Amino acid sequence: MIQLSNRFVSFKNVLLAIAETMGILVAVIVSDLIHHQQDLIAHLADTQLMIRDVSVVVVFQISFFLCDMYEYRAFSDIKILIYRCLTSMGAACVMLMVLFSLFPDFYRGRGRYVLTAVVVTVMVITARSIAIRFFSFSFLQEKILILGTGEQAQACAKAILDRKDLGLIIVGFLGNDSQLIGRSLVNPKVVGSVHDLEYFVHLLQIRRIIVALEDRRAHLPLDELLNLRFRGVAVEDTPSIYEKVTGKIHIQHLRHAGLVSGPLRRNRVFFLVNYE
């Protein structure tokens, strides 16, 4: 998981985008070599050919982003993946037609680009299938512990569970009511008390803590949070993590202090969400 500005970007998306870009470039070059019987070294040395190949790769990647190929649901459902892949291929063909009409010298025959589209489609579906298994390894995931068991904690947990592509694993909740221990909230359970925060962080190897307590004055373990933060454990508020995960701001979770003291950003679009 990578943080860009105020949003979390899936590490798998970044890595996959780089890998697929290189794969598309290889597919374009190979299809050109097959159709025109060119030498690889001569092809790579030809500046005009490489500019054309890179332009075709850029067109394919633009079509991927326009068709939400890097949106998390494209990883979880094979039907959605195939549909979006075929849609992006159609969009790429239209954009290539526009490109070739503007730059006729780039056009090298219809069969070459049909072969490229077929190879890219097979490559993308295969690469996504491999990526789903590879990115499920535990060393690429980040364990999260949520302080609180109320509405804020549960809404935050639901938002994180919906973004499986981020590799965020909620191991449980810590609350103030001992009767809730062992009870399932959303999906993860209440594993213990807020007063045992440091114990559970070390026991469960937590890397990020989300503070979602309704009454912080009486129950916030401030000293423990500061100690854990100095040891490298990330500590975040509910509004902060919710915005990074969803790109939206839950107005019921905003605090006046956060609005006054938080960083102000110009040219920023807010999506306000109010759940009744």
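In what follows, the accompanying structure is described.

Thresholds applied
- The residue count restarts for each chain, going from 1 along the sequence in the order it is written.
- Whole-chain, interface and lining totals are the exception, using all residues; otherwise, since this is a predicted model, local features are given only for residues with pLDDT of at least 70 and side-chain atom pairs are given and counted only at 80 or more.
- The basis for the side-chain values is all heavy atoms of the structure; hydrogens and waters are excluded.
- For salt bridges, the criterion is a side-chain nitrogen of Lys or Arg within 4 Å of an Asp or Glu carboxyl oxygen.
- Any residue under 20% of the maximum accessible area for its type is buried, any over 50% is exposed, and the rest in between are partly exposed; the area is computed with a 1.4 Å probe on protein chains only.
- Runs of E in the DSSP output that reach at least two residues are strands. Runs of H or I that reach at least four are helices, and both are numbered from the N terminus.
- Comment: axis = line fitted to C-alpha atoms, over the contacting stretch for helices; angle = value between 0 and 180 degrees taken between N-to-C directions.
- For classification purposes, an angle smaller than 35 degrees is called roughly parallel, one larger than 145 roughly antiparallel, one from 65 to 115 roughly perpendicular, and anything else oblique.
- Note on contacts: a residue pair qualifies if any of its non-hydrogen atoms lie within 4.5 Å across the two residues.
- All residues other than Ala, Val, Leu, Ile, Met, Phe, Trp, Tyr, Cys, Pro, Asp, Glu, Lys and Arg, Gly among them, are scored as polar; the first ten of these are nonpolar and the last four charged.

1. Description of the pattern of salt bridges
Oppositely charged side chains may form a pair once their charged atoms are brought near each other.
(1) Moving on: Under the criterion given, the structure shown has four salt bridges.
(2) Moving on: Residues R52 and D53 are paired through a salt bridge, measuring 3.4 Å at the closest nitrogen-oxygen approach.
(3) Moving on: A relative accessible area of 2% means that R52 is categorised as buried.
(4) Moving on: Judged by relative accessible area, which is 0%, D53 ranks as buried.
(5) Moving on: Taking the shortest distance from any N to any O, the salt bridge between E142 and R208 comes out at 2.4 Å. Of this pair, E142 sits in strand 3 (residues 142–147) while R208 sits in strand 6 (residues 208–211); the two residues are 66 residues apart in sequence, bridging distant segments of the chain.
(6) Moving on: Of the residues examined, E142 reaches a relative accessible area of 11% and is grouped as buried.
(7) Moving on: Residue R208 is classed as buried on the basis of its relative accessible area, which comes to 11%.
(8) Moving on: When salt bridges with common partners are traced through the structure, they connect E142, R208 and E236 into a single cluster.

2. A word on the packing of helix 8 (residues 197–204) against helix 10 (residues 222–230)
(1) Moving on: Where helix 8 meets helix 10, the closest approach of the two axes is 9 Å, and the angle between their N-to-C directions is 30 degrees. Overall, the two elements helix 8 and helix 10 adopt an arrangement that is roughly parallel. Taking contact as the criterion, the partners of L197, E198, V201 and H202 in helix 8 are, on helix 10, E224, L225, N227 and L228.
(2) Moving on: Split by residue class, the contact of helix 8 with helix 10 holds four nonpolar, two polar and two charged.

3. With respect to the environment of V190
(1) Moving on: Here V190 shows up in strand 5 (residues 190–193).
(2) Moving on: For V190, a relative accessible area of 1% translates into the label buried.
(3) Moving on: Between the C-alpha atom of V190 and that of G148, which follows or precedes it by 42 residues, the distance is 9.0 Å.

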